[in-house]
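Observations on the model geometry
Each chain is listed here by its residues.
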Amino acid sequence: MDQAARKPRTRIQIEKRELILEAALEIFAQHGFRGATIDQIADAAGMSKPNLLYYFKSKDDIHRTLIQRLLDTWLAPLREIDDIGDPVTELRSYIRRKLEMARDYPRESRLFANEILQGAPRVLPMLEGELKTLVDEKVEIIRGWMRAGKIARTDPYHLIFAIWATTQHYADFDVQVRAVLGPARDGEGRFEDAARFLEQLFVEGLRVKG
């Protein structure tokens, strides 16, 4: 690595990169990776294409940076599941955190969904590496709760998948959710309604019978 590459970024450089990433997030969320172009991102960022390419080498470089940030954010609630905690409390907290992310990061969620629908060509190593390692770790925690009789026995992988699917639905299909709920219920309260329902669904399903 040369000396220039080692230099810390200046405040202006950091601000410009953030401006580009914000613009790119909007473009990728709307058009997907294949449909997005460097020219579109540059226009959305209010800068020339050569100026943008000074900060990022390519569209792929921008996309990879966004996906890595998304994974860091997306995996944070899963990392917080604690084996010494009460299972019901831990899972309720996880469901709520995931719904908060669906509410607060809808563009990021659609960016990730678009990548997965295309076969994850740019993130498969992350999925097979960092994500799988973390999920395997949390699966062992859930299995420990099951062995201790704290929750009902089930497939912990599919439990995690089901929480992902039901919570991320409120980001990826937000337009559909609001359209079906109608004007009387399409406000921010829909996330609290969803949280209460999903908590009941999963907690009751995991309750030890008898």
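Being a predicted model, the structure only gives us computed values, none of them experimental. Counting starts from 1 at the beginning of each chain's written sequence and moves along it residue by residue. Per-residue local features are limited, in this predicted model, to residues with pLDDT of at least 70; the limit for side-chain atom pairs, both in listing and counting, is 80 or more; totals at the level of whole chains, interfaces and linings are taken over all residues. Excluded from the side-chain calculations are hydrogens and water; all other atoms, namely the structure's heavy atoms, are used.

Attention shifts here to the UniProt feature "DNA-binding region" (unreviewed entry) in the chain. The feature "DNA-binding region" (unreviewed entry), as annotated in UniProt, sits at residues 37-56 in this numbering. Secondary structure counts use DSSP, requiring at least four H or I residues in a row for a helix and at least two E residues in a row for a strand, with both numbered from the N terminus. Across residues 37-56 one finds 75% helix and 0% strand; the C-alpha atoms that close the span lie 13 Å apart. UniProt positions are given in the numbering used here, feature names are shortened, and annotations may be inferred rather than shown by experiment.

Let's shift gears to the packing of helix α9 (residues 156-172) against helix α11 (residues 189-206). Packing of α9 against α11 leaves a shortest axis separation of 11 Å and a crossing angle of 165°. Considered as vectors, α9 and α11 are oriented roughly antiparallel to each other. Crossing of α9 against α11: the hand is right-handed. Facing α9, whose interface residues are L159, A162, I163, T166, T167 and Y170, α11 presents F191, A194, L198, F202 and L206. The classification used treats Ala, Val, Leu, Ile, Met, Phe, Trp, Tyr, Cys and Pro as nonpolar, Asp, Glu, Lys and Arg as charged, and all other residues, Gly among them, as polar. Of the residues belonging to the contact of α9 with α11, the class tally is 9 nonpolar, 2 polar and no charged. Comment: axis = line fitted to C-alpha atoms, over the contacting stretch for helices; angle = value between 0 and 180 degrees taken between N-to-C directions. In these notes the angle categories are as follows: under 35 degrees is roughly parallel, over 145 is roughly antiparallel, 65 to 115 is roughly perpendicular, and the rest is oblique. In this scheme, a crossing is called left-handed if the near helix is turned counterclockwise away from the far one by less than a right angle; it is called right-handed if the turn is clockwise. For this analysis, residues touch if any pair of their heavy atoms sits within 4.5 Å.

Below, the discussion takes up the UniProt feature "domain: HTH tetR-type" (unreviewed entry) in the chain. Residues annotated in UniProt with the feature "domain: HTH tetR-type" (unreviewed entry) correspond here to residues 14-74. Secondary structure content for residues 14-74 is 87% helix and 0% strand, while the C-alpha to C-alpha distance between its ends is 23 Å.

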